[in-house]
Each structure stands twice: as C-alpha cells, then as structure tokens.
Amino acid sequence: PRLAEIVVADAGPLIALGRLRRIELLAQIFAKVIVPHTVFEETQVHPDLPDARAIFAARQSGEFIVDNSSAGSAGLPPEAELGDGEAAAISLAAALGHGVLIDDKHGRAVAATLNLKVIGTVGVLVLARRRGMIPVLKPLLEDLVASGYHLSEALVQEALRQVGE
C-alpha cells in the first residue's frame, strides 16, 4: 500500500533512482509525487544519460507530475542559499503543506527549519525494502556509491540495520 503522503521531489533523488532503474518506487510508495518544473529541467540537462531517460519516461507514464507554477524561493529565508532546484522543491512543499524528497544536506536542514517532513533516496529504498518492493537493499546502495553518489558509511550501515541486512 502507498503512503497517504504527497511529496515534492528535488533532482537528486530522481537522478539516483533513475540511475538504479527504480524510479517507479516513488509512485508505488507515495500517493503523489510532484516535481517542480525547475527540478525536472535539471534532470534533463544531459537527456542522453540513462537516468535522464528513465526520469523522462516516468513523467510520460504519469508516475509523477511536473508543477509549472513559479514558486521559486518564495517563503524561504534569504540566508538559505540554495540551488534553484532545491529552493523550488522546498518552497513548493512548504506552500502546499507536503513533504520534500531531497538528498542535499543543506536543503534538508532548511526544510527541517520549515517543519517539513523530509525523506531522501536512502529513506525511499528502506521503505521499499520493508514493503518487499525490492528483495535486498545492500546492492542498490553499493550501485549508488559506484555511480558516484555520495553516501556516508554511517548512513549505509544505519539503512542496512533498519532492514535487517
């Protein structure tokens, strides 16, 4: 069963799940996934990459919706100093009262100051593993790291502990 939650996604988790060819997990876990237009554009900078193609295909099949409103950095403290995608995701999540799917450490901290629910790629994979949507977690985390995605050893160990691996 899906969580009765709506999340606004930043580019990082979309790219990570695209690299793993597991982007469909988002639609299986969340009631709705909203991607700000700015974020979607960030994921398509190199449209020939497999992760960009996976994200584009997921949009075409309705696994998430792209929000074309221009929330920008509305409602964010001026000292937030976020990238355009992070600012758009956090602003939209705050404006709509939804959680935010984000990996960027600084962005997560800003979202937390706004009392937003925050989940990242590893959190999504942990949920998927707990629900039997993926058979094992460790190879996916190893694939992420091998693809250049930075995950601390402590985060990897905690995620594996949570799922009993």
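Above: the structure in question.
Structure report, in brief. (Residues numbered from 1 in each chain as written. Predicted model: local features only at pLDDT ≥ 70, side-chain atom pairs only at ≥ 80, totals over all residues. Heavy atoms only, no water.)

## A word on the overall build of the protein
Right, on to step 1. A tally of regular secondary structure across the protein gives 9 helices and 5 strands.
Right, on to step 2. Listing every helix and strand of the protein by position from the N terminus yields β-α-α-β-α-α-β-α-β-α-β-α-α-α.
Right, on to step 3. Taking 15 Å as the expected radius of gyration for a compact globule of 165 residues, we find that the protein reaches 15 Å, a close match to that expectation.
Right, on to step 4. Here the C-alpha coordinates of the protein stretch approximately 40 × 35 × 30 Å along the principal axes.
Right, on to step 5. Expressed as a percentage of its 165 residues, the buried residues of the protein come to 44%.
Right, on to step 6. Sequence-distant contacts in the protein: of pairs separated by 6 or more residues, those separated by 24 or more amount to 64%.
Right, on to step 7. Seen as two clouds, the 15 positive and the 20 negative side-chain charges of the protein have centres 9 Å apart. (Helix = DSSP H or I, 4+ residues; strand = E, 2+ residues; numbered from the N terminus. Rg over C-alpha atoms; globule rule 2.2 N^0.38 Å. Buried < 20%, exposed > 50% of the residue type's maximum accessible area, 1.4 Å probe, protein only. Contact = heavy atoms within 4.5 Å. Lys, Arg positive; Asp, Glu negative; His and termini not counted. Charge placed at Lys NZ, Arg CZ, Asp CG, Glu CD.)

## Structural notes on unusual backbone geometry
Right, on to step 1. A positive phi angle, close to 55°, is found at R21, a residue other than glycine.
Right, on to step 2. Here R21 is to be found in the loop between α1 (11–19) and α2 (24–29).
Right, on to step 3. With a relative accessible area of 63%, R21 lands in the exposed category.
Right, on to step 4. Look at N115: it is not a glycine, yet its phi comes out positive at around 60°.
Right, on to step 5. Position of N115 relative to the elements: it lies in the loop between α6 (105–113) and β5 (118–119).

## Things to note about the pairing of strand β2 (residues 30–36)
Right, on to step 1. Taking burial as the measure, the 7 residues of β2 include 5 buried ones, the bulk of the element.
Right, on to step 2. In this sheet, strand β3 (residues 65–67) lies alongside β2 in parallel orientation, the contact comprising 3 bridges. Residue pairing for β3: P36 is matched across the bridge by D67. (Pairing = 2+ DSSP bridges.)

## A short note on the packing of helix α7 (residues 121–130) against helix α9 (residues 153–162)
Working note: a packed helix pair is described by the angle between its axes plus the distance between those axes.
Right, on to step 1. In contact at an axis separation of 10 Å, α7 and α9 are set at 20° when each is read in the N-to-C sense. The angle between α7 and α9 places the two elements in the roughly parallel class. Where α7 crosses over α9, the handedness of that crossing is right-handed. On α9, the residues touching V122, V126 and R130 of α7 are L155, A159 and Q162.
Right, on to step 2. Classifying every residue of the contact of α7 with α9 gives 4 nonpolar, 1 polar and 1 charged. (Axes fitted to C-alpha atoms, helices over the stretch in contact; angles between N-to-C directions. Parallel < 35°, antiparallel > 145°, perpendicular 65-115°, else oblique. Left-handed = near helix turned anticlockwise from the far one by under 90°. Nonpolar A, V, L, I, M, F, W, Y, C, P; charged D, E, K, R; others polar.)

## Looking at the environment of A111
Right, on to step 1. Structurally, the position occupied by A111 is in helix α6.
Right, on to step 2. Taking the C-alpha atoms as reference, A111 lies 21 Å from I65; in sequence the two are 46 residues apart.
Right, on to step 3. If near-sequence neighbours (up to four positions away) are discounted, A111 is found in contact with I90, V100, L116 and V118.

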